[in-house]
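Residue-level structure breakdown
Take a look at the letters that make up each chain.
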Amino acid sequence: MKKKTVMKKHPVEGAKKSPKKSWKDMSPERRLGTMVLASIQISLAAAAWIDLARRPADQVKGSKGVWAGVIAVNYVGPIAYFLKGRQTS
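What you see is a predicted model, and the numbers here were worked out from it, not measured in a lab.

For the rest of this paragraph, the subject is the overall build of the chain. What the chain contains, in helices and strands, is 3 helices and 0 strands. Counting all 89 residues of the chain, 15% fall into the buried class. Within the chain, contacts between residues separated by at least 24 positions form 53% of all contacts whose residues are at least 6 apart in sequence. Accessible surface, the chain: about 7800 Å² in total, of which carbon and sulfur atoms supply 63%.

For the structure shown, the criterion picks out 2 aromatic pairs. Consider the rings of Trp 67 and Tyr 81, whose centres lie 5.7 Å apart with planes at 65 degrees: the pair is edge-to-face. Pair noted here: Trp 67 is in helix α2 (residues 64-71) and Tyr 81 is in helix α3 (residues 76-85), with a separation of 14 residues, a long-range link. Under the relative-accessibility criterion, Tyr 81 is labelled buried at 0%. An aromatic cluster is built from Trp 67, Tyr 81 and Phe 82, whose rings are joined through pairwise contacts.

Phi at Tyr 75 is positive, roughly 50 degrees, even though this residue is not glycine. As for its position among the elements, Tyr 75 is in the loop between α2 and α3.

Conventions used here
- Residues numbered from 1 in each chain as written.
- Predicted model: local features only at pLDDT ≥ 70, side-chain atom pairs only at ≥ 80, totals over all residues.
- Heavy atoms only, no water.
- Helix = DSSP H or I, 4+ residues; strand = E, 2+ residues; numbered from the N terminus.
- Buried < 20%, exposed > 50% of the residue type's maximum accessible area, 1.4 Å probe, protein only.
- Contact = heavy atoms within 4.5 Å.
- Areas by Shrake-Rupley, 256 points an atom, 1.4 Å probe, with all protein chains shown as cover.
- Phe/Tyr/Trp six-rings, centres within 6.5 Å; stacked < 30°, edge-to-face > 60°.

Written as structure tokens, this is what we have:
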């Protein structure tokens, strides 16, 4: 007699998904928090890209093109650039 194989569901597949909230469905506190975090992210990225553009290539550890892409990664990219991507005199 052949043994039946039973496929188990992935734990996430059976879970209920929470509906996505639109901006108007968010509480004022959540909206403010989202705006603050977005502002910080944009400011960090802009400052890093400006610094990268103005800094001579010999003062950047690695390729400026690669760092420009890394900076696009939320929070981690600009912070990594400021900590590891620049050579200080």
